[in-house]
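# Overview (structure and organization)
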Amino acid sequence: MPVERWTAAQVTALAPDASSLKGARGVSSATKWQQTGLLGETLWGLCRGSGRQPYQVCVDLAGPAYKCSCPSRKFPCKHALGLLLLWAEGGGIEPATPAPAFVTEWLAGRAARAAPRQPGPVDPEGARKRGQQRAERVAAGMAELRRWLDDQVQQGLAGAQQAGRQPYETMAARLVDAQAPTVASAVRRLGGAAGIGPQWADRLLGGLAMIRLLVAGHERLDTLPPALAATVRSRIGFPVSQEDVLATTPVRDRWQILGQVDSDEGAITTRRTWLLGAATGRFALVLSFAAPGQSLSADLLPGSVIDAALCFYPGAAPLRALVREQFGPPRPLTAPAGAVGLRAALAGWATTVAAEPWRSDAPMLIGGVAPSADGFLTDAAGESLPLAPGHQEPWWLLAAAGGAPATVAGEWSPAGLRPLAAWIHGRHVSATAPAPGPATVRRPELPADLLAAALVGTARRPWASPSVHIGDRALHTGESSLLEAAATALTYRRAGVTPESGHAPVEPAPAEVDAPLPEAAAARLIRLLTDGAAPGGAQQVQELLAQWLAAAAAHGGHVPPETLPALLDAGRRNTAIRPALGQVAGNRGAWLAGMRPDWRWLRDEAPAAGVPSDPEVWETGTAGERLAYLSRLRATDPAAALALLRSTWPTEAPDDRARFVAALDTGLSLADDAFLEQALDDRRKEVRETALDLLQRLPGSALARRMSVRAHEAVRWQGRLVVTPPAELTPELRRDGVSAQPARGTGVQAWLLEEVIAGTPLSTWTAAFDRSPAAVVALARGHDWENPLLHGWAKAAIVQAESEWATALVFNDTGDGAAKLREAVRWDLHLLLPPADLARIAADFLRREDHLAHRLLAVHPGEWPEELAVAVVETIAHRARTDKHSWQLAELCRAAALAMPPRYAVPVARLAEELDQQQGDVSRVRPVADLARTLDFRYEMLQELR
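Our subject in this report is the structure included herewith. Per chain, the residues get numbers from 1 upward, laid out in the order the sequence is written. The model is predicted, so local features are restricted to residues of pLDDT at least 70 and side-chain atom pairs to those at 80 or more, both for listing and for counting; the totals for chains, interfaces and linings are taken over all residues. Based on all heavy atoms of the structure, the side-chain values leave hydrogens and waters out of the count.

Glancing now at the packing of helix α30 (residues 748-758) against helix α33 (residues 786-800). Here an angle of 0 to 180 degrees is reported between the N-to-C directions of two axes, which are lines fitted to C-alpha atoms, with helices fitted over the stretch in contact. A run of H or I in DSSP counts as a helix once it spans at least four residues, and a run of E counts as a strand once it spans at least two, with each numbered from the N terminus. For the pair α30 and α33, interaxial distance at closest approach is 7 Å and the crossing angle is 30 degrees. Considering the angle they form, α30 stands roughly parallel to α33. Crossing handedness for the pair α30 and α33: right-handed. Along its contact with α30, which presents A750, W751, L753, E754, E755, I757 and A758, the element α33 presents P788, L789, H791, G792, W793, K795, A796 and Q800. Class assignment for the residues of the contact of α30 with α33 results in 9 nonpolar, 3 polar and 3 charged. When describing relative orientation, an angle under 35 degrees is termed roughly parallel and one over 145 degrees roughly antiparallel, while 65 to 115 degrees is termed roughly perpendicular and anything else oblique. Note on convention: near helix rotated counterclockwise from far helix by under a right angle means a left-handed crossing. Clockwise means right-handed. Contacts are residue-level and defined by heavy atoms, with any inter-residue pair within 4.5 Å sufficient. Amino acid classes used here: Ala, Val, Leu, Ile, Met, Phe, Trp, Tyr, Cys and Pro are nonpolar; Asp, Glu, Lys and Arg are charged; the rest, including Gly, are polar.

Once that is clear, we can look at helix α8 (residues 181-191). When we look at burial in α8, the residues that qualify are V183, A184, V187, L190 and G191. Looking straight down α8, one finds that the buried residues subtend no more than 120 degrees of arc, so they occupy a single side. Among the structural elements, α5 (124-155), α7 (166-177), α9 (200-219) and α10 (226-236) are those in contact with the buried residues of α8. Categorising residues by exposure relies on relative accessible area from a 1.4 Å probe, with only protein chains included: less than 20% of the type maximum marks a residue as buried, more than 50% marks it as exposed, and the intermediate range marks it as partly exposed. What the arc covers is the set of directions going from the helix axis to the C-beta atoms.

Moving on, we come to the sheet that holds strand β11 (residues 362-371). Whether two strands pair comes down to DSSP finding at least two bridges between them. Within the open sheet, the 6 strands sit side by side as β13-β12-β11-β14-β15-β16. Their pairing is antiparallel. In this open sheet, the two edge strands, each paired with only one partner strand, are β13 (384-386) and β16 (427-430). Within the sheet, the average angular offset between the axes of one strand and its neighbour, ignoring direction, is 35 degrees. Relative to β13, strand β12 (residues 376-378) runs antiparallel, the two being bridged by 3 bridges. Counted as the bridge partner of L377 is L385 from β13. Here helix α12 (residues 342-355) sits on the sheet in contact with β11, β12, β13 and β14 (406-413), set at roughly 165 degrees to β11.

In this description, a nonpolar core means a group of buried Ala, Val, Leu, Ile, Met, Phe, Trp, Tyr and Cys residues linked to one another through side-chain atoms lying within 4.5 Å. Counting residues in each nonpolar core, the largest one holds 100 residues, and the members touching the most others are V715, W765, W793, V872 and M900. Looking at this core, the element that brings in the most residues is helix α38 (residues 866-882), giving 8 residues. What M900 contacts, discounting residues up to four positions off in sequence, is E863, W864, A869, V872, V873, V908, L935 and R938. Y168, F238, A453 and A485 belong to the second-largest nonpolar core, a separate cluster that totals 47 residues.

Strand β8 (residues 304-312) sits mainly inside the fold: 8 of its 9 residues count as buried. As paired elements, strand β5 (residues 251-264) and β8 share 6 bridges and run antiparallel to each other. Within the sheet, the bridge partner assigned to D253 lies in β8 and is A308. Relative to strand β10 (residues 331-332), β8 runs antiparallel, the two being bridged by 2 bridges. Paired with S304 across the two strands is P332, which belongs to β10.

Secondary-structure assignment places D514 in the loop between α15 (482-495) and α16 (519-529). Classification of D514 as partly exposed rests on a relative accessible area of 39%. Taking the C-alpha atoms as reference, D514 lies 7.3 Å from G586; in sequence the two are 72 residues apart. Beyond its immediate chain neighbours, meaning those up to four positions away, D514 contacts G557 and H558.

This part covers the sheet that holds strand β2 (residues 42-47). Taken together, the 4 strands give an open sheet; going across it, the order is β1-β2-β3-β4, and neighbouring strands pair in antiparallel fashion. Single-partner strands in this sheet number two, and they are β1 (33-39) and β4 (65-68). Taking the axes of each pair of neighbouring strands and ignoring which way they run, one obtains an average angle of 10 degrees across the sheet. As paired elements, β1 and β2 share 6 bridges and run antiparallel to each other. Among the inter-strand pairings, L39 is bridged to a residue of β2, identified as T42.

This part takes up helix α27 (residues 685-696). Helices are assigned an expected span. That span is 1.5 Å times one less than the residue count. Its 12 residues place the ends of α27 16 Å apart at the C-alpha level, agreeing with the 16 Å of an ideal helix rising 1.5 Å per residue. Within the span of α27, buried status applies to V687, T690, A691, L692, L694 and L695. Residues of α27 that are buried sit in contact with α25 (654-662), α26 (673-679) and α28 (702-714).

Right, here's the structure in full:
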């Protein structure tokens, strides 16, 4: 029977950290492997490394177990993960390929180690004595614990705020000596609550009460029902061997894997995986553990279902289980069975707490719930459950479901529901990690009279009440101690929780108009948004995301809704991607952005399709909707749009005026001149600057005429250039955009001359002097006022986007090898050069090994043309073999990764392979290999959107 191929998600879950996964992506292509094969359930391969000998890699899929000859201490290493990714993504690994000796030797060694050992001589009497000795130690420790607990409430908990955690650490150490490690951990955790945080006394008394209840259970251990006795023993710390658990009667079912929670406890990482039997309706918890640097078990993938037999640990409410045997491969879980309403879910929680009062959480699978705006999940009947702190703004669920009812799996605790996953229209969506937020107000769980007596201490205020009041109910506790009464009250309160009301779900999102983007492209977007799942560092991943968004916007369609929170966050940080993101966010994105202030840029700056076109939106819409309407009207009827803006201009908010003025860029004409002149006198600086920018690009404007008069009074042609710069900065010049702050090293008159020329239309110079731009620029060579003349023309070329002038100024600036323009101005001019000219300059600089070549590459817009790409590949090959400093090679490869045409992936990969065979310097091979991988990634990315 052929081995069921794993998914990429299963492989990703095995990675011990993000860097290992990133490295695995680098060796997951077929070109990185000399040979691969599949022997039974064992993948093997020879991975090309930095040295002469390839790395020998084996992966036993049944374990999984790994072996690699690399020196990495991580398990699995990047080579094992890369081999798994190659196989999972259909990398052409052939089962028929004969396996080398290292594979068969490893398998033989594993088989020998797995062979059952001959049992040694059984010593039942010795085992009985050891068990009796441990029981006596535990009994002594629990007796001491009882006395210590009674002392705490007798002396009063108010002193705990001064004593701190030290008394709890001391008691926990004694319990460890008494071989009661689990209850010792509970005592140690309580030390962290003593005197710390809101309601600390309530939390501390509740924890002490539950430990006191455990002590009482241990005292009656022989008379308790077997299941409850097993629970008490496990809560104290008596171990139960896996062999004993697997010897119990298994429960076979179609086990639905609902979700996972990983917790890092310093010395060990724990993974809690929750399952639910489709037929039995029984929940199961599978725990796995890993030391630092090792990976957790990934054989249980959330969102899938397995046919398996599970064996449960003994207990009053048995949840923890081991997978004894699995029958067949996992299958996708599109619609989980067994979802219940909120009341039924809480009834299950009450049953669990009644059977095992020490339990602090339990699983739930709730159907038909939607988030509210105030941190609750609400069903169709209007009943609600609170979400746990850190999950009270479930953007992942709002984005994926759009406010529609969904099936949600989670862990319930007194703090609220911690979501694990949701199923929406047949799709499994994992919950995101808890987000830091404002602390929630914790309600006390214990009655006030109990808490008051515990704080003062029973030595001063004896406890003799036969009942306690919880809400409007009196709970009879009999002749119990204060701690026993507290344990009874706490269990009663937790088990008796009921749904709340008054928390309406959010209004559902509007339906999408556009079709979704292709599935392959959507999957790649998810990779880009996942740490370590795309080539390059964080900066390169952001650039790849920008390219993906641009290609997606050109393709048309909307992104997977579950990616919207990450994309909106990315757009909040990076304004450059906002226009493209606005085109692919869809109506769901605009709906989601309206709920969070730092996401509203999507509605304000890149409104989604579907904004009302009714003229009433100008009176009643949001700022983003009004801007969208004005822009749309401006494209079809510029005069009507200008009239509309004039009609409300005096009442517009200062923050909106600049954005509305900027909308006049569409259809800009001399009809706008008078209004923009008026805007030059606005009180808001942003409005004045926006109007000035438009007027400087408007031929024939009043501003252009005024600046032309000033410029030609200052610069005249009388057989030679005669320059008479302005004498002072007048209010009129300041109003027309002349800056009062000269550049460093520039005199006031030279600066005023430069600024006046910068605001003058360049066409006036070619007309007045009857010369081409290059000839006009040549007139300034050697002139006393050459510097302000050249800089004025350069700044005018930048504002007016005159590429012919930019070409003339750049070639004039570098033709004789003596640069005259300030660096910032010169590099802005490069952005105006025709791509072919800029590429020719950059290629020439590269071949001359000019240090400015890298700067030219950085300013080159878009994808490099052929001549430049060839020059870069040649330079990379030369530097990889000859340069003394590998950082220069790495810098060039990083620039090429995002701008070189993706079709160069093949020759670059061939170059990396040649370098790997010729020399063992990893610092020279790795940048070239990374470049090849990124080019390959971009090629596939663009193909998916064509």
